Amino acid sequence: MSSSKREKDSKHTFEQSLKRLEQIVEELEQGEVPLDDALKMYEEGIELSKACVEKLTQAELRLKKLSKDMEGSFHLIEEDEEPKTEE
Amino acid sequence: MNDQLSLLSDNVEKPERKVLTVTELTKRIKQTLETGFSSVTIEGEISNFKFHSSGHMYFALKDSGATISAVIWRSRVPFLSFTPEDGMKVVATGRITVYEIRGNYQIDITSMRPVGAGELQLAFEKLKRKLAAEGLFDEEHKKPLPEFPEQIGIVTSETGAALQDMLHILRRRFPAVEVILYPVRVQGARAGEEIARAINDFNKFGKIDVMIVGRGGGSLEDLWAFNEEVVARAIYKSKIPIISAVGHEIDFTIADFVSDLRAPTPSAAAELVVRDRFALLDIVRNNWYHISENVQNVVSYRKERIRNLLKSYSFNRPIDLLRQYNQRVDELERSMTAVVSHRFSMLNGQSESLRHQLIALDPHMVLRRGYTIVRKDGRVVGSCTSLKSSDEIEITFHDGKLSSKVS
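These figures come from a predicted structure and were not determined experimentally. (Residues numbered from 1 in each chain as written. Chains lettered and ligands numbered in written order. Predicted model: local features only at pLDDT ≥ 70, side-chain atom pairs only at ≥ 80, totals over all residues.)

A.B. asks: Would you mind showing me how to read the overall build of chain B here?
C.D. replies: Across its full length, chain B holds 11 helices and 14 strands. Counting over 407 residues, chain B shows a buried share of 27%. Put simply, of all contacts in chain B between residues at least 6 apart along the chain, 63% involve residues at least 24 apart. (Helix = DSSP H or I, 4+ residues; strand = E, 2+ residues; numbered from the N terminus. Buried ≥ 20, exposed ≤ 12 C-beta atoms within 10 Å, placed from the backbone. Contact = placed C-beta atoms within 7 Å.)

A.B. asks: Whenever I open this one, the interface of chain A and chain B confuses me. Can you help?
C.D. replies: Often the size quoted for an interface is simply the accessible area lost on bringing the parts together. Each partner contributes residues to the interface: chain A has 40 residues there, and chain B has 38 residues. Listed by contribution, the elements that provide at least two residues to the side of chain A that touches chain B are helix 1 (14-29), helix 2 (35-58), strand 1 (62-68) and strand 2 (74-78) of chain A. Tallied by class, residues from the side of chain A that touches chain B come to 23 nonpolar, six polar and 11 charged. Pairing analysis gives four bridges linking strand 1 of chain A to strand 7 (residues 178-183) of chain B, with the strands arranged parallel. Bridged to L63 of chain A within strand 7 of chain B is V179 of chain B. (Nonpolar A, V, L, I, M, F, W, Y, C, P; charged D, E, K, R; others polar. Pairing = 2+ DSSP bridges.)

A.B. asks: Looking at this structure, how should I read the sheet that holds strand 10 (residues 261-263) of chain B?
C.D. replies: Read from one edge of the open sheet, seven strands run 2(A)-1(A)-7(B)-6(B)-8(B)-9(B)-10(B), paired in mixed fashion. The outermost strands of the open sheet, each flanked by one partner alone, are strand 2 of chain A together with strand 10 of chain B. Each neighbouring strand pair of the sheet contributes to a mean axis angle of 25°, computed without reference to strand direction. Sheet strands in contact with helix 8 (residues 266-273) of chain B are strand 6 (151-156), strand 8 (210-215), strand 9 (242-246) and strand 10 of chain B, and its direction is about 155° off that of strand 9 of chain B. (Axes fitted to C-alpha atoms, helices over the stretch in contact; angles between N-to-C directions.)

A.B. asks: What's the story with helix 2 of chain A in this structure? I'm lost.
C.D. replies: Think of an α-helix as 3.6 residues a turn; residues three or four steps apart then line up on the same face. With 24 residues, helix 2 of chain A extends 34 Å between its outermost C-alpha atoms, agreeing within 8% with the 34 Å of an ideal straight helix rising 1.5 Å per residue. Every buried residue belonging to helix 2 of chain A is among A38, M41, G45, L48, S49, A51, C52, K55 and L56 of chain A, and all of these are buried. Its buried side turned inward, helix 2 of chain A meets helix 1 of chain A together with helix 9 (277-311) of chain B. (Expected span 1.5 Å × (residues − 1).)

A.B. asks: Mind showing me how you'd approach the confidence of the model for chain B here?
C.D. replies: Note: predicted coordinates in regions of low pLDDT should not be interpreted at a detailed level. Overall, the predicted model of chain B reaches an average pLDDT of 86, with 88% of residues at or above 70. If you check the scores for this complex, the pTM reads 0.60 and the ipTM reads 0.78. (pLDDT = per-residue confidence, 0-100.)

A.B. asks: I'm lost on the pairing of strand 9 of chain B in this one. Help?
C.D. replies: Regular strands place their side chains on alternate faces of the sheet. Residues and elements named next belong to chain B. Of all five residues in strand 9, five are buried, a share of seventy percent or more. With five bridges connecting them, strand 8 and strand 9 associate as parallel partners. Within strand 9, the residue paired with R215 across the bridge is V246. In this view, the connection linking strand 8 to its parallel neighbour strand 9 by way of helix 6 (residues 229-237) has right-handed handedness. (Right-handed = clockwise from strand over helix to strand, strands pointing away.)

A.B. asks: For this particular structure, what's the right way to read the packing of helix 5 (residues 191-205) of chain B against helix 6 of chain B?
C.D. replies: Each packed pair of helices is defined by two parameters, the angle between the axes and the distance between the axes. Residue and element names in this part refer to chain B. With their axes 8 Å apart at the nearest point, helix 5 and helix 6 run at an angle of 10° to one another. As the angle between them shows, helix 5 and helix 6 are arranged roughly parallel. Judged by residue contacts, G192, E193, I195, A196, I199 and N200 of helix 5 engage V230, V231, A234 and I235 from helix 6. The residue inventory of the contact of helix 5 with helix 6, partitioned by class, reads seven nonpolar, two polar and one charged. (Parallel < 35°, antiparallel > 145°, perpendicular 65-115°, else oblique.)

A.B. asks: Would you take a moment to explain the confidence of the model for chain A for this structure?
C.D. replies: Residue and element names in this part refer to chain A. Model confidence for chain A is summarised by a mean pLDDT of 77, while 78% of its residues fall at 70 or above. At the low end of the mean pLDDT range in chain A sits helix 2, at 85; at the high end sits strand 1, at 92. Segment residues 83-87: pLDDT under 50, and four contacts once partners within four positions in sequence are set aside and those in other chains are kept.

A.B. asks: Would you mind going over the sheet that holds strand 1 (residues 40-51) of chain B with me for this structure?
C.D. replies: Residues and elements named next belong to chain B. Strand order in the closed barrel made by the five strands is 1-2-3-5-4, with mixed pairing throughout. In this sheet, neighbouring strand axes are inclined to one another by 50° on average, regardless of whether the strands run parallel or antiparallel. As paired strands, strand 4 (residues 89-99) and strand 5 (residues 104-114) are joined by 10 bridges and run antiparallel to one another. Along strand 5, the bridge assignment pairs Y99 with N104. In the packing of helix 2 (residues 22-36) onto the sheet, the strands contacted are strand 4 and strand 5, and the crossing angle to strand 4 comes to about 145°.

Set out below in structure tokens:
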């Protein structure tokens, strides 16, 4: 899907990180993992968990508006202000 | 009746008839009609409907006995809660105007609504049957929603409460997303078209994982845009999964049937589109717990094995061997030392006898026994024949030298 095109450069998406975490658990639980591999998985697991938790706890919703110019190309306009609530 | 009669009698009484121009007559008619019918409400069926490119709407209203031309000027179009269609029964309010050049009169409509919910309901059922027959609602056409969307497109009114409700829930549940809003009108005659265009544009834009299309609650007329065919077709055509979120739980629209998932309300759509981050945190923690548990098991299992190995006969056997080797090396070393020292003493003995031989050969030892060495010009003189009288010679004794002359 389209998400794979973006934000791929350095960081994994949340989905990829979570899937990898689950995969590691599965591999470890299938038994007989060489010690070296287990330690590598441990380190990777730390990194992935950290990334996931950060994403879940620190990220802020970004709001943008899609606009189309006269040539028909699209632009995203940042909506930096918290929009006022009508309550 | 009375007016007409009095008019007639006036005419009879007045011998001189005033001749009117067409323009004058038309002006009088216009005056009479426009003042007499400055505000009327009529019921009729729409026919020959034309939405002109200028933005005005032209059509006729008719019933079984008569027809009247109708116009809705562009400025009034946004206030319509639905898109008029041929055959629709409506109640329209407006005034009668006369178009002098053509000698036409028409009703200039300022507001119009479909007759009763029944009529809209009928249109709804008709379209629903038609689209169902075409397969627009088929389950196999429905696209799965992404589990963790990163970009969420929203097609709704920028000022509506629905947008704020959705943003509020997204912020609470899973704020690690980018929300891209495509603002549209969600009611009125143009709303359907705008919503359809927004869906198409999002597909051209491409960079979203899922789309929510909807608005907050309202009357059936208010929600009508989501029952329009153009919206249904746009949803069906979309390559991006769509969640419909129109009105309240009890409101069902055509958009709901075509979309990949129907959310009962906009808030519910926001709940459905992302997973709850606190539940996800638990999943992450749980996974991490399993990883550390398992790795610790791997490590402690290895430790245990090493411990057992250290205790085992097979592991200790090499040490035994090593000890044996050590012993052997010690022995070898000892015997080697013995060999070497023997060899040394042998060498020592040999050198002693050599020394004795050397000592025996030492010329000084001979001199000690009373011999001398005679040298002439530094060379040893071996025979008396090599000397003549008055040769200078050097005689070496064991304890010194002296010079003399042969006599």
